[in-house]
Amino acid sequence: MNPLLARQLRKYLPDLDPDQPPWRDFLSAVDRAYTDFEQDRTFLEHTLEVTSDELTEANEKLRREAEKQLASLSRYYQQTLELQQGMILCVRRTERGFVPTLCRGQLLARLGLTPEDVEGRFIEDVVPPPQSEILNAAFARAWSGETHSFAFTTSDGVELLIVMRPRRERDQVEEVIAACLEITALKQAERELRAAKERAEAADRAKSEFLAVMSHEIRTPLNAVLGFASLLQQSPLNEEQQSWLETIGSSGETLLALINDILDFSKIEAGHLELHSEPVALLALLDQLGSMFRPRAEQKGVTLEISTPPDLPQVIVTDPQRLTQILNNLVANAVKFTPHGSIRIEAFALPADSADSERLIRFAIHDTGIGIPADRRDRLFKPFSQVDSSTTRHYGGTGLGLAICDRLVRLLGGEITVESTPGQGSTFAFTIRARIPENLSALFDPPPKKPSPAPLSASSLRILVAEDQPHNRQLIQRILESRGYRPHIVDNGRAALEAALTKPYDLVLLDLRMPEMDGYTAARAIREKVPAAIQPKIYALTANVFPEDRARCTSLGMDGILTKPLNIDELFAILDSVRPIPAR
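Residue positions are given per chain, counted from 1 along the sequence in the order it is written. Selection of residues for local features in this predicted model requires a pLDDT of at least 70, selection of side-chain atom pairs for listing and counting requires 80 or more, and totals for whole chains, interfaces and linings are taken over all residues. For the side-chain quantities, the full set of heavy atoms in the structure was used; hydrogens and water were omitted.

## Thoughts on the overall build of the protein
Next, step 1: The secondary structure listing takes helices from DSSP runs of H or I that are at least 4 residues long and strands from runs of E that are at least 2 residues long, numbered from the N terminus. The secondary structure content of the protein amounts to 18 helices and 17 strands.
Next, step 2: By the burial criterion, 37% of the 584 residues in the protein qualify as buried.
Next, step 3: Here the contacts in the protein between residues at least 6 apart in sequence split such that 62% fall between residues at least 24 apart. The classification of residues rests on relative accessible area computed with a 1.4 Å probe and restricted to protein chains. Under 20% of the type maximum is buried, over 50% is exposed, and intermediate values are partly exposed. Contacts are residue-level and defined by heavy atoms, with any inter-residue pair within 4.5 Å sufficient.

## Thoughts on the packing of aromatic side chains
Next, step 1: Aromatic contacts are taken between Phe, Tyr and Trp rings whose centres are within 6.5 Å, Trp giving its six-membered ring; a plane angle under 30 degrees counts as stacked, one over 60 as edge-to-face, and the others as tilted. By the definition in use, this model includes three aromatic pairs.
Next, step 2: Where F363 meets F430, the ring centres are 5.0 Å apart and the plane angle is 20°; that geometry is what we call stacked. Residue F363 is found in strand β10 (residues 358–367), and its partner F430 is found in strand β12 (residues 425–435); the two are separated by 67 residues along the sequence. Each member of the pair, F363 as well as F430, carries the same accessibility label: buried.
Next, step 3: We note R483 situated over the ring of F572; from NZ or CZ to the ring centre the distance is 4.2 Å.
Next, step 4: The side chain of R552 reaches across the aromatic face of Y520, ending 3.8 Å from its centre. Two conditions define a charge located above a ring, namely a distance within 6 Å from the ring centre to NZ of Lys or CZ of Arg, and an angle within 35 degrees of the ring normal.

## Concerning a nonpolar patch on the surface
Next, step 1: Together, F210, M214, I218 and L255 make up a nonpolar patch on the protein surface, roughly 330 Å² of accessible area in all.
Next, step 2: In terms of residue count, helix α7 (residues 184–233) provides more of the nonpolar patch than any other element does, three residues in total.
Next, step 3: Within the element layout of this structure, F210 appears in helix α7. The patch calculation keeps residues exceeding 30% relative accessible area without a salt bridge and links them within 9 Å when they carry like charges or within 5 Å when they are nonpolar (Val, Leu, Ile, Met, Phe, Trp, Tyr). Residue-level accessible areas treat just the shown protein chains as cover; the underlying method is Shrake-Rupley with a 1.4 Å probe. Salt bridges are defined as contacts in which a side-chain nitrogen from Lys or Arg sits within 4 Å of a carboxyl oxygen from Asp or Glu.

## Here we look at the sheet that holds strand β2 (residues 98–104)
Next, step 1: The criterion for strand pairing is that DSSP finds at least two bridges linking the strands in question. Across the sheet, five strands lie side by side as β2-β1-β5-β4-β3; this open sheet has antiparallel pairing. Each having just a single partner strand, β2 and β3 (148–153) make up the two edges of the open sheet. Taken pair by pair, the neighbouring strands of this sheet meet at an average axis angle of 25°, ignoring direction.
Next, step 2: Sheet contacts for helix α6 (residues 131–143): β1 (87–93), β2, β3, β4 (159–169) and β5 (172–182); angle to β3, the most-contacted strand, approximately 175°. Axis lines are fitted through C-alpha atoms, for helices just across the contact stretch, and the angle between N-to-C directions can take any value from 0 to 180 degrees.

## Side note on the environment of I568
Next, step 1: Within the secondary structure layout, I568 lies in helix α18 (residues 568–577).
Next, step 2: A sequence separation of 337 residues divides I568 from L231, and the C-alpha atoms of the two residues are 9.7 Å apart.
Next, step 3: With residues up to four places along the chain from it excluded, the contact list for I568 reads S230 and I479.

## Overview of the packing of helix α8 (residues 239–269) against helix α12 (residues 401–411)
Next, step 1: One can describe the packing of α8 onto α12 by two numbers: an axis separation of 10 Å at closest approach and a directional angle of 40°. The pairing of α8 with α12 is recorded here as oblique in orientation. Where α8 crosses over α12, the two elements pack in a sense that is left-handed. Where α8 abuts α12, its residues D261, D264, F265, I268 and E269 lie against A403, I404, R407 and L408. Here the word oblique covers every angle except those under 35 degrees (roughly parallel), over 145 (roughly antiparallel) and from 65 to 115 (roughly perpendicular). Working rule for handedness: look at the near helix, and if it is turned counterclockwise from the far one by less than a right angle, call the crossing left-handed; if clockwise, right-handed.

## A word on the sheet that holds strand β14 (residues 488–490)
Next, step 1: Read from one edge of the open sheet, five strands run β14-β13-β15-β16-β17, paired in parallel fashion. At either margin of the open sheet sits one strand with a lone partner, and together these are β14 and β17 (560–563). Averaged over neighbouring strand pairs, the angle between their axes works out to 20° when direction is ignored.
Next, step 2: This element, helix α14 (residues 470–482), spans β13 (463–466), β14 and β15 (507–510) of the sheet and lies at about 170° to β14.
Next, step 3: Taken strand by strand, helix α15 (residues 493–502) contacts β13, β14 and β15, and its axis lies near 165° from that of β13.

## Re the nonpolar core
Next, step 1: The set of buried Ala, Val, Leu, Ile, Met, Phe, Trp, Tyr and Cys residues whose side-chain atoms join them within 4.5 Å is what this entry labels a nonpolar core. Formed by 45 residues in total, the largest nonpolar core has its most connected members in L327, L330, F363, I365 and F430.
Next, step 2: In terms of residues, this core owes the most to one element, helix α10 (residues 320–336), which gives seven residues.
Next, step 3: For L327, the residues in contact, after removing those within four places along its chain, are L285, L286, L289, F363, I365 and F430.

## Brief notes about the confidence of the model for the protein
In low-pLDDT segments, the atomic positions of the prediction should not be examined closely.
Next, step 1: The pLDDT score gives, residue by residue, the confidence of the prediction method on a 0 to 100 scale. Residues of the protein with pLDDT of at least 70 account for 89%, and the chain-wide mean is 84.
Next, step 2: Every residue in residues 389–393 is under pLDDT 50, and counting partners more than four places away or in other chains gives four contacts.

## Comments concerning α8
Next, step 1: Between its first and last C-alpha atoms α8 spans 45 Å; for 31 residues at 1.5 Å apiece the expected length is 45 Å, and the two agree.
Next, step 2: The definition of a polar contact used here is a pair of N or O atoms within 3.5 Å, where within protein one atom must be able to donate a hydrogen and the other to accept one, and adjacent residues in sequence count solely through side-chain atom pairs. With a side-chain oxygen lying 3.1 Å from the backbone nitrogen of E240, the N-terminal cap of α8 falls on N238. Multiplying 1.5 Å by the helix residue count minus one yields the expected span of that helix.

## Let's talk about the pairing of β1
Next, step 1: Across the seven residues that make up β1, a large majority, five, are buried.
Next, step 2: By the bridge criterion, five bridges tie β1 to β5 in an arrangement that is antiparallel. Paired with L89 across the two strands is A178, which belongs to β5.
Next, step 3: The pairing of β1 with β2 spans six bridges and is antiparallel. Paired with R93 across the bridge in β2 is F98.
Next, step 4: Here β1 hands over to β2 after four residues, the two strands then running antiparallel side by side.

## Section: the state of the cysteines
Next, step 1: Only a pair of cysteine sulfur atoms within 2.5 Å qualifies as a disulfide here. Following the criterion strictly, the structure yields zero disulfides and no others.
Next, step 2: Unpaired in terms of disulfides, C103 finds its nearest cysteine sulfur in C180, a separation of 7.8 Å.
Next, step 3: Residue classification places C103 among the buried residues on the basis of a relative accessible area of 1%.

Structure below.
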């Protein structure tokens, strides 16, 4: 009998006889159950013991593998941090201040530090003031939860870009991670670029000022040359004297055209040339072009014709001054280099793109002139370049005209091309991009007519002129006196201001560059000090032709500009438009 069963019987049924027939079979069955239970328990204990050993061994193996992977991963991140060009700082906050717990990156060596110099030490123990104060303030800002970046310069002059980002756990900032990158070379390049830009702008300003001064200094005596030549043409002269005078005039106009070419090219190259688009009647422009050059061509026995298709747009919207300048230059060249034969000017519109509101208009100037060798055509559109020296000697010119045309065409949205055969002629063609207006009547409806003022007697207009150059003072006086005016002439801006404050004038003509007080200052003072009821019309009489000069004149309250050399018809048109100030 199982010992456990025997103890239970002695304890609870001491008087029971297990051998009696009623109990013998029952206790025999219970005894077998106890024996089976003991066997099962022993088996389970053995099984658990074996399984536990296997699990322990498996767990140990997994632990060793995990530690190996963690060590490998740690080495990887360690090497990554150490090899990166910048520097990573992990910073925690203590009661005393901020302490880096990790500092890695090749920037450390650039700063003359090692990880041991930084990790576990307070910021102020590593970085001297005031840089440490800047860093502590930046870490405090990041610890408040804000990600931010800033430029920082070390005491040794190393420039850094630092990005600080807070790391949170359970909505609490536990650490600030700072990524640092050196930008010393970038900042130096930026400073050099800024300095180069400032030098370029200064050179551009100096160039503009030089051109303005040169324009003024050349135009001022040229104004006297052309002006007196114009006055002389109105006096009795014999045929030879008239011829000499025409030579003076044409030479002066050539010099003026050269000055204008140089100024135009300089403005284009500097990016200061502004386009002003307005409606242009194409056929009228081409007819005017033919009328201008046909007499000159016919003097050489060259015919000049204009060819346009029926569907040529009547009106386009573009810059009329620049389009005319291109056409004038190309046609003038055709007349110049065509000793005999013909010149044909063509214009037509290229097929329209339905999705595009603009059209390409193509112009072509064909001539039967001397032609251009193929190996020299690349010089055509280069500034100050001629096809060859013999052309320069025989035909003259600066070589700026085609360079200006090329740049103007590009500004107008097109391109210029040339085809030529030596001895047979050339074709210069260009396109411009222009808008075709839909409502022509709205563009060209005449403005309501105003009643024409009654003609004035010249003596009734009070004119004040300020001009410092004696020859130009004499010229403007003679021109005005030729129409019966009696101008008051002074030689500087201060004298003009004193005169304007002494008595009222209807018209004041001011040279802009004068001693003692220039025309700008005089105009401002007249507008400020002369009572509004007797304010005169003020026009600049100047050789300055740059847009900024015109804008400055307008801002000072001037009514317009008369450029030198003086256009007498333009001056007389202004005189006819000025009304006397009513007497008070």
